[in-house]
Structures are given as structure tokens and as C-alpha cells.
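Close look at the chain arrangement
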Amino acid sequence: MTKRGRYSSPLFVVFMQILSVITILIINNSCNITSSNNLLVIDYKSLNSQEIRLPPSILTDFNPTMCKVYFDDKHNKTYLTIFNNKKNQLCLYNINDSTDNLIKVISSPQNIIDYYIETKDSVYFITDNNNLLLLSGGSLTSYSITNSKYCSFDSILLQTNYQFPLEKIDLSFFAYSYPDKALETLNDFQNYFHRNFDCEIQFENDHLVCINSFGKYPDEFQNQFFYDFNPIRTILSDNKIIYSFEALSDLIIYDRAKHSFQNIVPPDYGFHSPEPFEFEKLSDYSYIAKYLTENDRYTNSIYDHFKNRFIRIQSKKTNYENADGTIAKWNTKPFNLLIYDSTFQLQKVVNFPSNKFDNRILYVSQNGLLLITLPDNNDERKFYIYKDI
């Protein structure tokens, strides 16, 4: 038999095919990457990450929900920013250059609940008594916020959180309008879910006025209660705003130019809608914690304007009671990052384990996606940027 004939024999061809399959399986398994119908499913351990080390003084009394990423496009710099409520300090930490850092002290007795950085020299703060503070050129100016005939609210009680932060588009600020009275009955909540909730605010003659209100809760909220009050707001680059909710896969897209709503249901990744919450247990905190832990939830979403994509955090249901008898916390649950393209097609899923990262917090930067670990035994957290996601 010739040399060429020996290597082209049927037995050798079959052997090489088997070897090729084994090699592919080994590579996929070692990288923890699978692909199904063009959907990439990735384990976070296979990704490269960079730890962001902050000075310990900045992390004293750290609140992860008062943390943002600011991109200075004029100087092409990315800052991790942290506001310390107890010290009234805003820290801007350059991710790329640890020597380029700023600490701004806010000399205000008012309780600051959120902030928005327009530039390093122009920062807005919102307070719990409906004031907007502008820190500019070292001076602090306070503006009260009032209603106008164009706003549907009888009165305004503004609030923000990590799902619904203070935002600014062109000349307009956006903040969440809380109900101005306690909601005690199921009927109260159902009536509340009929109202608008996003408040658009603008300057008019050196005063801040609520000029418009919009936002829409899902129809399902009129008939069933899912312990889901606060919408998640995501602002896109094309004058549209996405409102999403923890208990549903649905997205409600508001077109600011057309003043119209569009409902879409993008692909999920094994999301199971929760059973309705037992309303009579609204004051039972153990039941609430168990309900949030043992059901899938969408805990946050962001728009990555650097790559024109939409990203959701999908926390996965897990046991409320651990094997050792301890209780699991809902923000320690395992979660997936669901990454969609500009047409809301699911392109990639990244799996993260339990008890590693805070499943509520995700920031986008020019360098990649930034996540925050849960507190360790010394109550310390770490920041990681994932460039490959």
C-alpha cells in the first residue's frame, strides 16, 4: 500500500473525524463557551477581566447604588464615580489613570438621593425634598421643582434609584414620580398602575418645571400583583426610552418624538414568569425575601452606546434556604447577562454564579462592562471590568 493510500483509507478518515470532534469538545469545554442557533452562551470564568483598585478612603461607607460611570468624551477619559452620602463627597476615579482623580465636597444640608454628571465642572444633584442642586465652578445653586399645566401629576414627589436614575437628555431632566400617599390596598396599587410615572423637567426662567409626564405599566399589572413597583428605565440613542419590569420579559418602548408606545417581547433565556404575589403578605418581610429569591427576576438593564446594544440582568431563581441552614439573599442569586443587538435579537448570554457579584448593578464604559462584587468577610467590595463581553 502506498503512503498516500494508507492515509486516505476509510478507517483513518473515520479516526480523524472522531479526533476532530474530540478536539472541538475539549476546546469548547475549556473555554466554557457553547453556541446554539447562533446564540453564544459563555461562562464568566472564560472571560478576561481587570480589577479596578480604588483608594480605601473612597470606599468608606460605600453604597453601590450611588455609583456611576462617566465618560468624558472631550478628553476621552472614563471615570468611575461614587457619591458618599455620609460625607457628601463625590469622587471621580479615572479608570485608566489612577493619578487623575477628583473629590468634590458638596456643602449642602439637604439629603442627596442621586446625581447626574454633565461635565466634571457641572454636576446636578437631586434631593429628597424635590430640589435640584447644580455644582458648577465651585458654587452650589439650588432650584425647586414645581408642576405645570402640562404635567398630569397633582403633586410631585420625585425619587430615583439604580433602576431609574436621574437622567438628562438635551434640555430635559428625567426622574421617577412616586405616589404622594401610602398605597395600602390592592385597589390602590391597581389604580397607581394606571398612572404615568416618568417626570420630564426643564428650566423655565430660572425655575425648574415639570413639563410632561409619561410611562406605562404593563396590562398584566392591572389584574395581578407581582411585587413589582418600580420600572426600569433605559434611554436609547434615538430619542426612545425603554421601560421594563422585574417580573416580565416585555419591553415597553416610548418614542418621545411621536409620543407613542410600542410593546415587544424579546427572546429570553429560560425566564419563568413568577406566580402572583399573595397581597395579604405585603408586610411579611420573610415571605417577600423568599418570593424574590425563589423566582426569576430582571433586576436591571442598560444601553451600551459604545456598541449599540441592549443588556438585561436576569437573576435566576434559587433556594431561599441554603443547605447549611442559612438564608440566601435575593441580590446574591446567580444571574445571566442577556445581550441584544439594536433590533432586540438575543446574541449572547453570559452566566454568573451566586454569591460573587451584586446582581443589581451593571455599568457600561468605553473599556467594557463593569460589575461590583458582593461584600466579602471584611465588608469590602471590588470592581471588575470585562472587556470581552
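Residues numbered from 1 in each chain as written. Predicted model: local features only at pLDDT ≥ 70, side-chain atom pairs only at ≥ 80, totals over all residues. Heavy atoms only, no water.

Summing up its helical and strand segments, the protein chain has 4 helices and 27 strands in all. Per-residue burial for the protein chain yields a buried fraction of 49% across its 389 residues. A fraction of 52% describes how many contacts in the protein chain between residues 6 or more apart in sequence connect residues 24 or more apart. (Helix = DSSP H or I, 4+ residues; strand = E, 2+ residues; numbered from the N terminus. Buried < 20%, exposed > 50% of the residue type's maximum accessible area, 1.4 Å probe, protein only. Contact = heavy atoms within 4.5 Å.)

This part is about the packing of aromatic side chains. As enumerated under the stated definition, the model contains 48 aromatic pairs in all. For the ring pair Phe197 and Tyr243, a centre distance of 5.1 Å and an interplane angle of 90° mean the geometry is edge-to-face. Remark: Tyr243 occurs in strand S18 (residues 240-244) and Phe197 occurs in the loop between helix H3 (186-192) and strand S15 (198-204); sequence separation between them is 46 residues. According to the relative accessible area criterion, Phe197 is buried, its value standing at 0%. Assessed through its relative accessible area of 0%, Tyr243 is described here as buried. With a centroid separation of 5.8 Å and an interplanar angle of 50°, the aromatic rings of Phe225 and Phe229 are classed as tilted. (Phe/Tyr/Trp six-rings, centres within 6.5 Å; stacked < 30°, edge-to-face > 60°.)

This part covers the pattern of salt bridges. Where charged atoms from two side chains of opposite charge approach closely, those side chains can pair. Under the definition given, this model contains 14 salt bridges. The residue Glu278 makes a salt bridge to Lys281 at a minimum N-O spacing of 3.4 Å. For Lys281, a relative accessible area of 29% translates into the label partly exposed. For Lys316, the salt bridge identified is with Asp296, shortest N-O distance 3.6 Å. Of the two residues, Lys316 is situated in the loop between strand S22 (309-315) and strand S23 (335-340) and Asp296 in the loop between helix H4 (285-293) and strand S21 (297-304); the sequence distance between them amounts to 20 residues. Asp296 sits in the buried class, given a relative accessible area of 1%. (Salt bridge = Lys/Arg side-chain N within 4 Å of Asp/Glu carboxyl O.)

The next point concerns the side chain of Asn359. Position of Asn359 relative to the elements: it lies in the loop between strand S24 (346-352) and strand S25 (363-365). Among the polar contacts made by the side chain of Asn359, one reaches the main-chain carbonyl oxygen of Asn331 at a distance of 3.4 Å. Setting aside residues up to four positions removed in sequence, Asn359 forms contacts with Thr299, Ile313, Ser315, Trp330, Asn331, Thr332, Lys333 and Phe335. (Polar contact = N/O pair within 3.5 Å; in protein donor to acceptor, adjacent residues only side chain to side chain.)

For the rest of this paragraph, the subject is the sheet that holds strand S19 (residues 251-255). Adjacent strands of a sheet pair through backbone hydrogen bonds, lying either parallel or antiparallel. The strand order across the open sheet built from 4 strands is S17-S18-S19-S20, with neighbouring strands paired in antiparallel fashion. The open sheet has two free edges, formed respectively by strand S17 (232-235) and strand S20 (260-264), since each of these has just one partner strand. Neighbouring strand axes in the sheet, compared pairwise and without regard to direction, differ in orientation by 25° on average. Direction of pairing for S18 relative to S19: antiparallel, over a ladder of 5 bridges. Counterpart to Lys240 in the pairing with S19 is Asp255. (Pairing = 2+ DSSP bridges. Axes fitted to C-alpha atoms, helices over the stretch in contact; angles between N-to-C directions.)

Moving on, we get to the sheet that holds S25. Spatially, S3-S27-S26-S25 is the arrangement adopted by the 4 strands of the open sheet, whose pairing is antiparallel. Of all strands in the sheet, those with a lone pairing partner are strand S3 (49-52) and S25, marking the two edges. The average undirected angle you get between the axes of adjacent strands in this sheet is 30°. Where strand S26 (residues 368-372) and strand S27 (residues 383-386) come together, 4 bridges link them in antiparallel fashion. Opposite Leu369, over in S27, you have Tyr386 as the bridge partner.

Moving on to H4. Here H4 has its buried residues at Tyr287, Ile288, Tyr291, Leu292 and Thr293. Next to the buried residues of H4 lie S21. Capping the start of H4, Asp284 holds a side-chain oxygen 3.2 Å from the backbone nitrogen of Ser286, two or three residues further along.

Strand direction decides the pairing type here: strand S4 (residues 67-72) and strand S5 (residues 77-84), joined by 6 bridges, are antiparallel. Paired with Cys67 across the bridge in S5 is Ile82.

Attention shifts here to the confidence of the model for the protein chain. Scored by pLDDT, the protein chain comes out at a mean of 85, with 88% of its residues at no less than 70. Counting interchain partners and residues more than four positions distant, the pLDDT-below-50 stretch residues 1-31 has 6 contacts. (pLDDT = per-residue confidence, 0-100.)

Formed by 29 residues in total, the largest nonpolar core has its most connected members in Tyr217 and Tyr243. Those elements that provide at least two residues to this core are strand S14 (172-177), H3, S18, S19 and H4. Residues within four places of Tyr217 in sequence aside, it is in contact with Tyr176, Tyr192, Phe193, Arg195, Phe197, Phe229, Pro231, Phe245 and Ile252. Ranked by size, the runner-up nonpolar core spans 19 residues in total, among them Leu337, Ile339, Val350 and Phe357. (Core = buried A, V, L, I, M, F, W, Y, C linked by side-chain atoms within 4.5 Å.)

A few words now on the environment of Ile58. Along the polypeptide, Ile58 turns up in the loop between S3 and S4. Exposure remark for Ile58: the relative accessible area of 10% places this residue in the buried category. Ignoring any residue separated from it by four or fewer positions in sequence, one finds Ile58 in contact with Ile82, Cys91 and Tyr93.

With that out of the way, let us pick up the pairing of strand S10 (residues 131-136). Most of S10 sits out of view: 5 of its 6 residues are buried. Counting the residues in the hairpin turn of strand S9 (residues 122-127) and S10 gives 3 residues, including Asn130, whose phi is positive at 65°. As defined by bridge partners, S10 adjoins strand S11 (residues 139-146) across 6 bridges and the pair is classed as antiparallel. For Leu135, the partnering residue across the bridge sits in S11 and is Leu140. Connecting the antiparallel pair S10 and S11 is a turn made up of 2 residues, with Gly137 showing a positive phi of about 60°.

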